[in-house]
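Tertiary structure, described
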Amino acid sequence: MEQRHLGRTGLRVSRLGLGTMTWGRDTDEHEAAEQLKVFVDAGGTLVDTADVYADGGAEYLISRLTDSLVPRSELVIATKAGSVPGTDRRFDGSRGHLLAALDASLRRLGTDHVDLWQVHAFDPATPTEETLHALDLAVASGRARYVGVSNFSGWQLAKAATWQRARHDRVPLAGTQMEYSLLQRGIEREVLPAARDAGLGLIACSPLGRGVLTGKYRHGVPPESRGASAHLSGFVQPYLGDRSRRIVDALATAADGLASSPLAVALAWVRDRPGVASALVGARNATQLLAALSVESLTLPDEIRGALDDVSAPLRRYPDQGWTEL
């Protein structure tokens, strides 16, 4: 699998990454082991997790597998901190919370460092410079090799990246993780231009539109899908409308023409967008993951890419870049 630099840094990541949001909850240790083996055998290196995935269970599962299945040195482990569900605030970007969360992540992961540590989301209640100072301390102490952010808007990302580059003793951001797919192109308005201008690589999560771009929901909600899950149905529901249906239909037509699958075409579209360093794939089982990894052999023709660009084009209103409507 091709390895790409994450932004203007020396960190190289596989252009497809393994997402672990369901590990330790819907995905048990046996199934996670099968997925990790398939992923590494295909040349994958980037494994993305977060301290809140299964309340830390995903990180713990990764530690179990790096002990027994895959050497730690062969993986690029990325985790996130700052999300605090179930409290009076959704996000906590304070230095105290972030550093304590990092220490807890390292204990669960069974390692003395993570390769990439990311702030899970912007916290408006904490000064940005305090949040970023936690990233500097993490790198200076050796607990993180590279740092980034996730779910920052365009102005938030530009502010953070500029602050970090303002002085030589601060650690530049390596990347930003954002949702990006044919069904969700909102980052093209401000976030992606800001990231590219600042030299940050994009890690694209949910590149399959939360599973909708596989085509599995064209004729209803399959009982074994995330859309039928008690805790993930709300995650999928926003992408089951008429606009999504038109895009999925066009994607299926393109896949038929290429003798491929909607999954592969949708993933190839994201993987090869300008600025994308890696696209994360989260699978229910190893068979699904293997199907996604087969996209390595697919490069979309310009005509197909252009048609998908057109059918999924977001509405641009002033003052968006290239706005067409007031």
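The structure contained in this document is the topic of the report that follows. All values derive from a computational prediction rather than experimental measurement. (Residues numbered from 1 in each chain as written. Predicted model: local features only at pLDDT ≥ 70, side-chain atom pairs only at ≥ 80, totals over all residues. Heavy atoms only, no water.)

**Some remarks on the packing of aromatic side chains**
- Counting across every chain of the model gives four aromatic pairs.
- On the basis of an interplanar angle of 90° and a centroid distance of 5.4 Å, the ring pair of Phe122 and Phe152 is categorised as edge-to-face. A residue pair is termed long-range when its members are at least 10 positions apart, and Phe122 in the loop between strand S6 (114-119) and helix H4 (128-140) and Phe152 in the loop between strand S7 (144-150) and helix H5 (154-165) qualify at 30 residues.
- Using a relative accessible area of 3% as the deciding quantity, one classes Phe152 as buried.
- A network of ring pairs unites the aromatic residues Phe122, Phe152 and Trp155 as a single cluster.
- Looking at Arg170, its charged tip hangs above the ring of Trp163, at a distance of 4.0 Å from the centre. (Phe/Tyr/Trp six-rings, centres within 6.5 Å; stacked < 30°, edge-to-face > 60°. Helix = DSSP H or I, 4+ residues; strand = E, 2+ residues; numbered from the N terminus. Buried < 20%, exposed > 50% of the residue type's maximum accessible area, 1.4 Å probe, protein only. Lys NZ or Arg CZ within 6 Å of the ring centre and 35° of its normal.)

**Focus: the environment of Gln35**
- Locating Gln35 in the fold gives a position in helix H1 (residues 29-41).
- Here the alpha-carbon distance between Gln35 and Arg4, two residues 31 residues apart in the chain, equals 22 Å.
- Setting aside anything within four residues of it in sequence, one finds Gln35 in contact with Leu18, Trp23, Thr27, Ala283, Arg284, Asn285, Ala286 and Leu289. (Contact = heavy atoms within 4.5 Å.)

**Here's the deal with the packing of H1 against helix H2 (residues 57-68)**
- At a minimum axis distance of 10 Å, the contact between H1 and H2 shows a crossing angle of 60°. Classified by the angle between their axes, H1 and H2 sit oblique to one another. For the pair H1 and H2, the crossing hand works out as right-handed. Contacts between H1 and H2 involve Glu29, Ala32, Ala33 and Leu36 on the former and, on the latter, Leu61, Arg64 and Leu65.
- Class assignment for the residues of the contact of H1 with H2 results in five nonpolar, no polar and two charged. (Axes fitted to C-alpha atoms, helices over the stretch in contact; angles between N-to-C directions. Parallel < 35°, antiparallel > 145°, perpendicular 65-115°, else oblique. Left-handed = near helix turned anticlockwise from the far one by under 90°. Nonpolar A, V, L, I, M, F, W, Y, C, P; charged D, E, K, R; others polar.)

**Quick look at the pairing of strand S10 (residues 276-281)**
- Taken across its six residues, S10 has six buried, putting it largely inside the fold.
- Pairing between strand S3 (residues 16-19) and S10: three bridges, direction parallel. The residue of S10 that forms the bridge with Gly17 is Leu280.
- The pairing of strand S9 (residues 201-205) with S10 spans three bridges and is classified as parallel. Looking at S10, one finds that Leu202 is bridged to Val276. (Pairing = 2+ DSSP bridges.)

**Concerning the packing of helix H3 (residues 95-109) against H4**
- Close contact between H3 and H4 brings their axes to 8 Å; oriented N to C, the two are set at 35°. Between H3 and H4 lies a crossing whose hand is right-handed. Here Arg95, Leu98, Leu99 and Leu102 of H3 come into contact with H4, specifically with Glu130, Thr131, His133, Ala134, Leu137 and Ala138.
- Across the contact of H3 with H4, the residue classes break down as six nonpolar, two polar and two charged.

**Re the sheet that holds strand S4 (residues 46-48)**
- Taken in spatial order, the eight strands of this closed barrel run S3-S4-S5-S6-S7-S8-S9-S10, and their pairing is parallel. Here the average twist between neighbouring strands, direction ignored, is 30°.

**Description of the pattern of salt bridges**
- Counted according to the given criterion, the structure contains 25 salt bridges.
- Across the salt bridge formed by Arg108 and Glu59, the nearest N and O atoms sit 2.8 Å from each other. Taken together, the positions of Arg108 in helix H3 and Glu59 in helix H2 put the pair 49 residues apart, joining distant regions of the chain.
- Overall, the relative accessible area of 24% leaves Arg108 in the partly exposed class.
- Judged by its relative accessible area of 0%, Glu59 falls in the buried class.
- With a closest N to O distance of 2.6 Å, Asp169 and Arg167 form a salt bridge. (Salt bridge = Lys/Arg side-chain N within 4 Å of Asp/Glu carboxyl O.)

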